[in-house]
Amino acid sequence: MTGIVLDKARIATMCVGDKPYGLVDDGALAIAEDGTIAYAGPAADLPARFAGWDRQGQDGRLITPALVDCHTHIVFGGNRAREFEMRLEGASYEEVARAGGGIVSTVTATRAADEEALLADALPRLDTLIAEGVATIEVKSGYGLTIADELKMLRVARRLGQIRPVRVVTTYLAAHATPAEYKGRDDAYLDEVVLPGLDAGHAEGLIDAVDGFCEGIAFSPEQMTRVFDRAAALGLPVKLHAEQLSDLGGARMAAEHKALSADHLEYLGQDGVDAMARAGTVAVLLPGAFYTLRETQYPPVAALRAAGVPIALATDCNPGSSPLTSLLLTMNMGATLFRLTPEEALAGATREAARALGLAGSLGTLEAGKQADLAIWNVTEPAELIYRIGFNPLHQRLIGGKP
């Protein structure tokens, strides 16, 4: 077997160890033909068996794992720019909703769009993320709220991964909201749409994980337990939008179901933190939504850190609460708004984001045996990726060892 060796580089392996960022100052990275990492470490210790491999010097550039955006809603119809404008002009959420805004407008536009239209709308959002070094992205459904429209969204998500060099993880989020035709009948919506849609999507091979919105304006922990039980019967992992607006105990319930992640978490209490720590459930923080909604309740970062709960960051790209398509800016927001350290922010968009998708065994760090998904940057200090605002220093992105 042969391959390439990237040397004369600073390598932020993001492996947990004695050095911040797992940093190797004069590093070499050997990538085998099968797209896996064969060696990552000091160039001086590069084994002799790699002597004949093609050398590609990096002139001191920084190499990190490729970025992972572990929470997005990038497939949707329409936009909510007018709603944004109305809120800035002083309209209340009730007035916006009466004017046809809110999630209702996105559901209407998504239902009206066919697969080709949804694909065309999603591609520019995806391409922007790819251009910043993202190689893996999670894409949720949740704006169709009928069986046919939820599966339509998931088919588009699958197609994104077929026509772009990016790993797409699909998440079924029909338990996102109750549509107007089921108003006041949440359980009927679960029985007639969410659960049979889950069965149908699984049978079609469209679902990698199952999510829901556990909140007073959405579904209760008891209702989400029904969805999670069905997911478990199908062998699908779960995750949950939890504690964004209040503490209903959703994160604790999710942890009890061995959820991959609980996301948002602004109102998370200590019992939820402890449950997540016991279960190894990742806390996915979404500063784009915090910023857009002008929230004042901060997620309990210190408590999560003290309990050893892994912390990930994601864009939450969606048309309403987080119209954000920059994971670099998300890292800056995580540091500036939530007071994560730069190392925590970069880990949150690499190692811990991969963990939140159940992919920590193959992605998220640069070490032998893992997939050679990496980003090469025109910087030397890892913190520079987090410190700059509106600047993209990506030199090259490799996925499976291929540019």
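Residues numbered from 1 in each chain as written. Predicted model: local features only at pLDDT ≥ 70, side-chain atom pairs only at ≥ 80, totals over all residues. Heavy atoms only, no water.

- As named in an unreviewed UniProt entry, the protein is Imidazolonepropionase, taken from Stappia taiwanensis.
- Per its UniProt entry, the protein bears the Pathway (unreviewed entry) comment "Amino-acid degradation; L-histidine degradation into L-glutamate; N-formimidoyl-L-glutamate from L-histidine: step 3/3."
- In its Sequence similarities (unreviewed entry) section, the UniProt entry covering the protein states "Belongs to the metallo-dependent hydrolases superfamily. HutI family." (UniProt positions renumbered as here; feature names shortened; annotations may be inferred.)

A closer look at unusual backbone geometry
- One non-glycine residue, Met 14, lies in the positive phi region at around 60°.
- Mapped onto the elements, Met 14 comes out in the loop between strand E1 (3–12) and strand E2 (23–32).
- Judged by its relative accessible area of 1%, Met 14 is buried.
- Of note, the phi angle at Arg 339 is positive, near 65°, even though the residue is not glycine.
- For Arg 339, the location among the structural elements is in the loop between helix H12 (327–338) and helix H13 (342–348).
- With relative accessibility at 61%, the residue Arg 339 sits in the exposed group. (Helix = DSSP H or I, 4+ residues; strand = E, 2+ residues; numbered from the N terminus. Buried < 20%, exposed > 50% of the residue type's maximum accessible area, 1.4 Å probe, protein only.)

A word on the sheet that holds strand E11 (residues 261–264)
- Taken in spatial order, the eight strands of this open sheet run E6-E7-E8-E9-E10-E11-E12-E13, and their pairing is parallel. Strands at the two margins of the open sheet, each flanked by one partner only, are strand E6 (67–69) and strand E13 (311–313). Pairwise comparison of adjacent strand axes, ignoring direction, gives a mean angle of 25° for this sheet.
- Pairing of strand E12 (residues 282–285) with E13 involves three bridges; the strand directions are parallel. Within E13, the position partnered with Leu 285 by the bridge is Leu 313.
- Most of the contacts of helix H7 (residues 221–233) go to strand E9 (residues 209–214), to which it runs at about 175°, and overall it touches strand E8 (167–175), E9 and strand E10 (239–242).
- Relative to E6, H12 is tilted by about 80°, and along the sheet it contacts E6, strand E7 (134–140), E12 and E13. (Pairing = 2+ DSSP bridges. Axes fitted to C-alpha atoms, helices over the stretch in contact; angles between N-to-C directions. Contact = heavy atoms within 4.5 Å.)

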